Amino acid sequence: MSKLVTIYGGSGFVGRYITRRLAAAGWRIRVAVRRPNEALFVKPYGAVGQVEPVFCNIRDDDSVAAVMQGADAVVNCVGILAESGRNSFDAVQVEGAARIARIAAGQGVAQMVHLSAIGADAQSNSAYARTKAEGEAAVLEHMPGAVILRPSIIFGPEDQFFNRFAAMTRMGPFLPIAAAATRFQPVYVDDVALAAETALDGAVAPGVYELGGPRVASFRELMQTMLEVIQRRRIVIGLPFWIARIMAGVLDMAQFVSFGLLANKILTRDQLRNLAQDNVVGSDARGLDALGITPTAMEAVLPEYLWKFRPAGQYSELMQSNRKLRP
């Protein structure tokens, strides 16, 4: 009989790729999400009944335990980039991760994969980075044999990085960014999913793995690469940190005084603190190579989904070919 895995956050950006890979590998899968009706798109990833979205609130012990019953493995993909209401960094990334690991240990689950992030640091002044580190510690406390994956910026068709900034190029000739000199090592979402699948195969040592692609580049360089792909000319403006702090402070205040109605989805003060640090694989860290995975270059993938931001969209290449024709 095939093994059963519960994937918390299995319909999210990374979670859906892990779900798809594990379904292809023959796992039976419970996709634990807050809104199962919005996650029905994962069902066709496998055969009839192989992949099932189920309700779960990771802030509740009974809810987490119920969807884990009988599971051979668990994967935790739940994380947030900004706080909203009761979904604080501590509640989701520390207490939620700890709850999943504690209940997994109590139910005798054999394997656990936990998705964290490069830059996780218990001493960081960024609440995001601090709680990522505290969540890792909590997972290892209860499940010392867990595999923790720390990806850099993740790219792929549904990403909120290249898609977001490519959309901004439609608004004018300038593309403002904060922390233009900060370095990143973008990793392909399906490479992260393959890392999770490899970890669940049980053939790799437990512990932390930092995941990055083959190229390290500054924020500005990544935006220039994106502009080449979408065939637009824009002036990339690196905002000084003091200006970015003022902007982030105003946006955070607007969210606070509106009781969350005006959610800050642009730039928070905590995100800015996190952006002050490079986001690359450590020189002594285990990475994709330790998992036997060759990283995918972003230049091979970006054109597959950023074409819609080109001036002529899907017809850009056709129009370029037509220009070469003689009258």
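This text goes with the structure placed above it.
Reading guide: rules and limits
Residues numbered from 1 in each chain as written. Predicted model: local features only at pLDDT ≥ 70, side-chain atom pairs only at ≥ 80, totals over all residues. Heavy atoms only, no water. Helix = DSSP H or I, 4+ residues; strand = E, 2+ residues; numbered from the N terminus. Rg over C-alpha atoms; globule rule 2.2 N^0.38 Å. Buried < 20%, exposed > 50% of the residue type's maximum accessible area, 1.4 Å probe, protein only. Contact = heavy atoms within 4.5 Å. Areas by Shrake-Rupley, 256 points an atom, 1.4 Å probe, with all protein chains shown as cover. Lys, Arg positive; Asp, Glu negative; His and termini not counted. Charge placed at Lys NZ, Arg CZ, Asp CG, Glu CD. Patch = residues over 30% accessible without salt bridge, like charges linked within 9 Å, V, L, I, M, F, W, Y side chains within 5 Å. Salt bridge = Lys/Arg side-chain N within 4 Å of Asp/Glu carboxyl O. Pairing = 2+ DSSP bridges. Right-handed = clockwise from strand over helix to strand, strands pointing away. Phe/Tyr/Trp six-rings, centres within 6.5 Å; stacked < 30°, edge-to-face > 60°. Lys NZ or Arg CZ within 6 Å of the ring centre and 35° of its normal. Axes fitted to C-alpha atoms, helices over the stretch in contact; angles between N-to-C directions. Parallel < 35°, antiparallel > 145°, perpendicular 65-115°, else oblique. Left-handed = near helix turned anticlockwise from the far one by under 90°. Nonpolar A, V, L, I, M, F, W, Y, C, P; charged D, E, K, R; others polar. Polar contact = N/O pair within 3.5 Å; in protein donor to acceptor, adjacent residues only side chain to side chain.

(A) Molecular detail of the overall build of the protein chain. Per the secondary structure count, the protein chain includes 11 helices and 13 strands. Taking 327 residues into account, the globule formula puts the C-alpha radius of gyration at 20 Å, and the protein chain, at 21 Å, falls close to it. Considering only C-alpha atoms, the protein chain reaches an extent of 70 × 50 × 40 Å along its principal axes. Each of the 327 residues in the protein chain was classed as buried or not, and the buried ones make up 50%. By sequence separation, contacts in the protein chain at least 24 residues apart represent 75% of the contacts at least 6 residues apart. For the protein chain, the exposed area adds up to about 15,900 Å²; of that, 54% sits on carbon and sulfur atoms. Charged side chains in the protein chain number 34 positive and 30 negative. The centres of these two groups are separated by 9 Å.

(B) How the structure looks around a nonpolar patch on the surface. A cluster of nonpolar side chains, Phe174, Ile235 and Ile237, forms an exposed patch at the surface whose accessible area comes to about 270 Å². Looking at the secondary structure, you find Phe174 in strand β8 (residues 174–178). We classify Phe174 as partly exposed; its relative accessible area is 47%.

(C) Quick look at the pairing of strand β6 (residues 147–151). Of all five residues making up β6, five are buried, and the element is well covered by its neighbours. Taking every second residue as pointing to the same face, both faces of β6 are buried, with Val147, Leu149 and Pro151 on one and Ile148 and Arg150 on the other. Strand direction decides the pairing type here: strand β5 (residues 111–115) and β6, joined by three bridges, are parallel. The residue of β6 that forms the bridge with Leu115 is Leu149. Taken together, β5, helix α4 (residues 127–142) and β6 constitute a β-α-β crossover, and its handedness is right-handed. Where β6 lies against strand β11 (residues 207–211), five bridges are found, and the strand directions are parallel. Following the sheet pairing, Ile148 is matched in β11 by Val208.

(D) Representation of the pattern of salt bridges. Tallied over the entire structure, the rule returns 13 salt bridges. For the salt bridge of Glu136 with Arg150, the shortest nitrogen-to-oxygen distance reads 2.7 Å. You can see Glu136 sitting in helix α4 and its partner Arg150 sitting in strand β6, a full 14 residues away along the chain. Accessibility classification places Glu136 together with Arg150 in one group, the buried group. Taken together, the shared-partner salt bridges in this structure form one network comprising Arg21, Asp190 and Glu197.

(E) The arrangement of the packing of aromatic side chains in detail. Summed over all chains, the structure comprises 10 aromatic pairs. Arranged with centres 6.5 Å apart and planes meeting at 70 degrees, the rings of Phe41 and Tyr45 form a pair that is edge-to-face. When the centroid spacing of 5.6 Å and the interplanar angle of 70 degrees are considered together, the rings of Phe161 and Phe165 count as edge-to-face. Owing to a relative accessible area of 9%, Phe161 belongs among the buried residues under this scheme. On the accessibility criterion, Phe165 (9% relative accessible area) is buried. The structure contains a cluster of three or more aromatic residues connected by ring pairs, namely Phe161, Phe162, Phe165, Phe184 and Phe219. It is Arg164 that lies over the ring of Phe165; its NZ or CZ is 5.4 Å from the centre.

(F) Focus on the packing of helix α2 (residues 61–68) against helix α3 (residues 89–106). Running from N to C, α2 and α3 cross one another at 50 degrees; their axes reach a closest spacing of 10 Å. If you check the angle between α2 and α3, you find them oblique. Classified by chirality, the crossing of α3 by α2 is right-handed. From α2, Asp61, Val64, Ala65 and Met68 reach across to α3, where they touch Arg99, Ile100, Arg102, Ile103 and Ala104. Its residues assigned to classes, the contact of α2 with α3 shows six nonpolar, no polar and three charged.

(G) How the structure looks around the side chain of Asn264. Along the chain, Asn264 falls in the loop between α8 (241–257) and α9 (269–275). Residue class for Asn264 comes out buried when judged on its relative accessible area of 5%. A distance of 3.1 Å separates a polar side-chain atom of Asn264 from the backbone nitrogen of Ile266. In contact with Asn264, not counting residues within four places along its chain, are Ala248, Leu251, Asp252 and Gln255.

(H) Focus on α2. Turning to α2, its buried residues number three or more, namely Ser63, Val64, Ala65, Val67 and Met68. Close packing links the buried residues of α2 with β1 (4–8), β2 (28–33), β3 (51–55), β4 (73–76) and α3. Capping of α2 at its N-terminal end is provided by Asp60; its side-chain oxygen lies 3.3 Å from the backbone amide nitrogen of Asp62. Just beyond α2, the residue with positive phi is Gly70, at close to 80 degrees.

Function cannot be read off these values alone, since they describe shape.
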